Amino acid sequence: MLHLKFLTLVKLGGSVITQKKLSPPTVNKMALNRIAKELRIHKGPLIVVLGGGAHGHQAAHAYGFGDASTPLEKLLAGIPSIRHNMTLLSLEVEQILNANGIPSVAIPPFASVRMHDGAISNFPTDIIKGVLEAHCAVIIHGDVCLDDVQGASILSGDTISVYLAKALDIQRVFVGTDVDGILEEDPRINPNAALVSVIDSSNKDSILAGIGASSATDVTGGMALKTQELLELANQTAQVAIFNLTVSGRLAALLEGKSTTCTRMKL
Ligand code: IP8
């Protein structure tokens, strides 16, 4: 039987695990090897969710995902290259985790998730539970999925994280990005913007208003949407933290239950 109490989900931001500006997409193996060593600290069941990074966002952008005026045929034409790139990314991560002593299996959302107008309409989780029960970590990733309204739509890693956290009642959700957490202002406008260490009901609205949309090639809505989705989780029992995955030791500290620089969400 799976002991859900110890189930932990870690999202690996695409800008950390891929070279977001390089084309063709390239995995950041150095970062991934270091992250794998930090993940090894966690001894219980583990779900690792990959963001799209260069592998997902370049192709999704090229085929007009995220732009409501893109014709259905163009979206459909993008399916093979997004799928192919995300599969390459997930296999490289799978190889690195296994090589670092974390038995892991990559599961592609495309094969089982259905979307309805950009939202999940069906996401079976039996296979995920089964893999965890087989004592393997699950690697799952942002993906393109079939959509009965739009033909195809992008399922982001953050949406997957929130969905699985609710469906599997996951108690610890740690979201790794390339910034220290949620900042009071857009850091591209104010490089000295202060870190918000806790978001709760008293500052939630003003924080959300201060977060600008991501300027990078990101078809899934940038930081504001990601934060909003994660806040939905925080009024359940889950521990939710957004942290800087580019700084070594912070993931390890969160996994060990130690304090570290990050934004925690408590509603
Ligand atoms: O980077 C996006 O996932 P995210 C996945 O978590 C694709 O938003 C395929 C662009």
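Residues numbered from 1 in each chain as written. Predicted model: local features only at pLDDT ≥ 70, side-chain atom pairs only at ≥ 80, totals over all residues.

Undergrad: Which residues make up the packing of helix H2 (residues 29-39) against helix H5 (residues 79-99), and what values do they have?
TA: Viewed as axis vectors pointing N to C, H2 and H5 meet at an angle of 45°, and their least axial separation amounts to 9 Å. Compared by their axis directions, H2 and H5 come out oblique. Handedness of the H2/H5 crossing: right-handed. Here H2 contributes Lys29, Leu32, Asn33 and Ala36 to the contact with H5, which in turn contributes Val93, Ile96 and Leu97. (Axes fitted to C-alpha atoms, helices over the stretch in contact; angles between N-to-C directions. Helix = DSSP H or I, 4+ residues; strand = E, 2+ residues; numbered from the N terminus. Parallel < 35°, antiparallel > 145°, perpendicular 65-115°, else oblique. Left-handed = near helix turned anticlockwise from the far one by under 90°. Contact = placed C-beta atoms within 7 Å.)

Undergrad: Any chance you could break down helix H6 (residues 126-133) for me, citing the residues and the numbers?
TA: Among all positions in H6, only Ile128, Val131 and Leu132 are buried. The buried side chains of H6 occupy one side of the element, clustering within an arc of 100° when seen end-on. Facing away from the buried side of H6 by more than 90 degrees, the exposed set consists of Asp126 and Glu133. Along its buried surface, H6 packs onto strand S3 (104-107) and strand S6 (137-141). Phi turns positive one or two residues past the end of H6, at His135, with a value near 65°. (Buried ≥ 20, exposed ≤ 12 C-beta atoms within 10 Å, placed from the backbone. Arc of directions from axis to C-beta.)

Undergrad: Help me get a handle on the site of the ligand, residues and values and all.
TA: If you check the shell around the ligand, you find 17 residues, and the closest are Gly51, Gly52, Gly56, Gly142 and Gly157. Ranked by the residues each element gives to the shell around the ligand, the list is headed by helix H3 (residues 53-62), at 3 residues. Partitioned by chemical class, the residues of the shell around the ligand number 6 nonpolar, 9 polar and 2 charged. (Near = placed C-beta within 6 Å. Nonpolar A, V, L, I, M, F, W, Y, C, P; charged D, E, K, R; others polar.)

Undergrad: Talk me through the environment of Leu255; I want residue IDs and the actual numbers.
TA: Checked against the element boundaries, Leu255 lands in helix H10 (residues 250-255). By the C-beta count within 10 Å, which is 20 here, Leu255 ends up buried. Sequence-wise, Leu255 and Leu39 are 216 residues apart; in three dimensions their C-alpha atoms are separated by 7.7 Å. Excluding anything up to four places from it in sequence, Leu255 contacts Thr8, Ile41 and His42.

Undergrad: Give me the lowdown on unusual backbone geometry, citing residues and values where you can.
TA: In this structure, the amide linkage connecting Ser23 to the following residue, Pro24, adopts the cis form with an omega of 0°. Looking at the secondary structure, you find Pro24 in the loop between helix H1 (14-17) and H2. Of note in the backbone geometry, Asp117 takes a positive phi value of approximately 50° without being a glycine. Within the secondary structure, Asp117 sits in the loop between strand S4 (114-116) and strand S5 (119-122). Backbone geometry places His135, a non-glycine residue, at a positive phi of 65°.

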